[in-house]
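A structural walkthrough
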Amino acid sequence: MSRTRFSSRCLLGAGLSASPALFACENGASAESVQEMLHTELSASPLDSKADGSGPADLKYQGLEPSAALEEANSEQGFIPISSILVEIICFCLAFMSIRHFMKSTRPKGPPRPIKQMCEVSESPKSAATPLQAWRNHRQQGPVHGQDLLKHASRVFSWDPRTFVQEFVTHLEDAGQPAQVREDLHLLLDIPSKCGRPDITTALAQAARDRLGLEVEAVRLHHCMLSAYASSGQEAKVEDMLDQERAQSNNGKVAVRSLAVVARGYLKNGKAQAAFRKLAEMKGSGHEVPPRAVSELFEVAAKTGDVKDILQSLLGKIPVPSDAFGIILEYCFLTEDFDMASSAEKLAKDQGTTLPQEGFESMLKLWVKKEGGKALAVFEAIQEAGFHPCEGLCRYLIARCADSQNLHLAEHVATYLRSRDEMSFSCYKTLMKAYAYAGQYDKACDLYAEIKLKGWEPDAVMYGSLIKFAAKAGRVELSHELADKFDGKCIKNYMWLIRSAGQEGDVNRAIATFRKLQEGQPELVDVMAYNVTLDACVINKEMERALELLKEMHSTHSMNLVTYNTMIKGHCIIGNLANAQRALCDMEVAGIAPDAASFSCLLSGASKAMNFQETLNILDEMDKRRIPLDSYVTSIMMQLSRKLPNKREAMQALAILDRPDVRIFEDEVVFNTVLDACIFRRDLNRLSRAVDGYPDSKIKASIRTYGLLIKALSQQ
């Protein structure tokens, strides 16, 4: 059956987009009612027309009379057969299915798309449950006893202790057999007692008595209360209960279990000293102290800082187990306590206890910080004990050897790694660093050949270091080999190559390297690069090329203190003291104040010229400017005192040793020159002063130093 509909298209075409007739038509009103409403609207007064063209007056403007619109609207009404509607639906479905099939066949196959969540899904009860809810859910599945009960009860207690007693006493009521109930009650009593809650422990025992008619054994409840008071740190309460136990016992002693429970509670509360007293009382009563209890005692003592006191108190009373020595020695390493480490090692030897691997490793990491052979002895001992230091520990030891300059140990560890084929690239880098710290640049360079034999390619950092070491060691061939392999983006590598060329006397190569830097990386060229190249020229007496480079530098960069000092040094090297003093004046004109190095260069030039009066003038100028005499000045004056033919002038040069600002114990070189000059001039007073001050100095004596000291003592 078809339904009569009035055409809304006609109303829209007539401009009645907001008319009641349109709304009625859209809502399925009858043709008669829509026609009546339309007639009313079209016959309305022209004064009601709207400015947007929705009234009857606008219909005339569009060339459509109201009556014509009405006739057109009437002509649209009629009956729509249902077959037409069905045909349209079938066509739409066929078209939709065809399009879907086409899209599905052309879409690339892949993982299935996740189903979209159309609404929020609440979390499952299992994932959202609190410990109490989880316990109740688990309980509904069947009886809960033993470890399952202990696990859930502990979680509920940690979550909300207030619900603990009520919840689990209710559970005990349904637990079944009395024996099972008693066993479960004992498990539950341990939870609040070990957590330091004597109030809940008492409440649980009382609830079991009142609701279950179950009386907790007096001894068990006594131990639970001791544990609760000890775990909460209530020493007075613990002592009261122990005094009561002594009074009630036949022998006037406390049971070993009571002491063990109290010691464990104190350890949980972090009271190492109180726990030790109970363990000592246990030992004094003739009972063996569990090794694990001693280890736990030192674990707590390490946190509270009482390790040394506990160790001293244990001596001769309670044996220290192997695990505890590991804890003690790790504490010694962290606190750098060498004395306690020695005491612990001696105690282990006296007890006949083998140190654990962790103890040996802690001793190694501790003693490697100090000079001497102790670390090497420990390294041998750890292997004799059947342990093998790993590559990471060995690399750590080599790195620490760099700080202490203990090359003997570093080489020994490296030999051990090579024997086990565990010498990694990182270990080579670390050993190279240790050699460099000790000034053994030749040995550092030798490692490069070993690395190449393994087929490894050094990284940019190692290439840069090798360039530096080769320059300092004077390894010309290695410098040339590395020149084509280094990272060209690092200016330090260029500077070391320039220095190396200057030390070799190859000024052409030094300047060529500088030009290569200018051409390849012009943005890296700075004052330092110019200064290094200038220095390569002046130390080889190529002052003309240095002046040309200086002139070039003026156009792009400003001269700094190092630039002027380099030029002063160059003039002094070729013996042109006048030009050196002129360069000093130019420096001051440029607004740069001379420093100790500036005057040291002038002093060196005057000394080489054997112009003693000029050296005195330079010293006077330094005093006027309040520039202290550094080690270079002292060394220059000592060398001059040996060369001067006039003894009076030579002794006058030695007189600078009487000045309070002269420090002869700052380094080995200065000290050696002082000893040598005083011995040569037989200045016994100053020589005695130098020898007497040596034991308190930090000078690392070389073979030459020992030889001079022996010679000096033979003259006294």
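Right, let's walk through the structure included here. (Residues numbered from 1 in each chain as written. Predicted model: local features only at pLDDT ≥ 70, side-chain atom pairs only at ≥ 80, totals over all residues. Heavy atoms only, no water.)

Some points on the overall build of the chain
Note the cut-off: Helix numbers and strand numbers start at the N terminus; a helix is a DSSP run of H or I with at least 4 residues, a strand a run of E with at least 2. Exposure classes here rest on a 1.4 Å probe applied to the protein chains alone. A residue is buried below 20% of its type maximum, exposed above 50%, and partly exposed in between. Only heavy atoms enter the contact rule, under which two residues are in contact if any of them lie within 4.5 Å. Computed by Shrake-Rupley with a 1.4 Å probe, the accessible areas treat only the displayed protein chains as cover when residues are assessed.
Across its full length, the chain carries 41 helices and 0 strands. Taken across its 716 residues, the chain has 41% of its residues classed as buried. Look at the contacts in the chain between residues 6 or more apart in sequence, and 62% of them connect residues 24 or more apart. Surface accessibility of the chain: about 39,200 Å² in total, with carbon and sulfur atoms responsible for 53%.

Points about the environment of Glu-167
Structurally, Glu-167 is set in helix α10 (residues 164-173). For the pair formed by Glu-167 and Leu-132, sequence separation is 35 residues and the distance between their alpha carbons is 8.8 Å. The contact partners of Glu-167, leaving out residues within four places of it in the chain, are Leu-132, Trp-135, Arg-136 and Arg-139.

Brief notes about the pattern of salt bridges
As a reminder, the rule being used: Should a side-chain nitrogen of Lys or Arg be within 4 Å of a carboxyl oxygen of Asp or Glu, the pair is scored as a salt bridge.
According to the stated counting rule, one finds 40 salt bridges in the structure shown. Taking the shortest distance from any N to any O, the salt bridge between Glu-281 and Arg-246 comes out at 2.9 Å. Taken together, the positions of Glu-281 in helix α16 (residues 272-284) and Arg-246 in helix α14 (residues 235-248) put the pair 35 residues apart, joining distant regions of the chain. For Arg-246, a relative accessible area of 22% gives the class partly exposed. A salt bridge links Arg-395 to Glu-391, with the shortest nitrogen-to-oxygen separation between them at 2.5 Å. With Arg-395 and Glu-391 both in helix α23 (residues 391-404) and 4 residues apart, the pair spans about one turn of that helix. Residue class for Glu-391 comes out partly exposed when judged on its relative accessible area of 21%.

Structural notes on the packing of helix α25 (residues 425-437) against helix α26 (residues 441-453)
Formally: Lines are fitted to the C-alpha atoms to define the axes, a helix being fitted only along its stretch in contact, and any angle between axes, read from their N-to-C directions, falls within 0 to 180 degrees. Angle categories: roughly parallel below 35 degrees, roughly antiparallel above 145, roughly perpendicular from 65 to 115, and oblique for all the rest. Working rule for handedness: look at the near helix, and if it is turned counterclockwise from the far one by less than a right angle, call the crossing left-handed; if clockwise, right-handed.
Two elements in contact, α25 and α26, have axes separated by 7 Å at closest approach and are oriented at 160°. Here α25 is positioned roughly antiparallel relative to α26, judged by the angle of their axes. Here α25 and α26 pass one another in a crossing that is left-handed. Every residue of α26 that contacts α25 at Phe-425, Tyr-428, Leu-431, Met-432, Tyr-435 and Ala-436 is listed here: Tyr-441, Lys-443, Ala-444, Leu-447, Glu-450 and Ile-451.

All quantities given are derived from atomic positions and should not be read as evidence of function.
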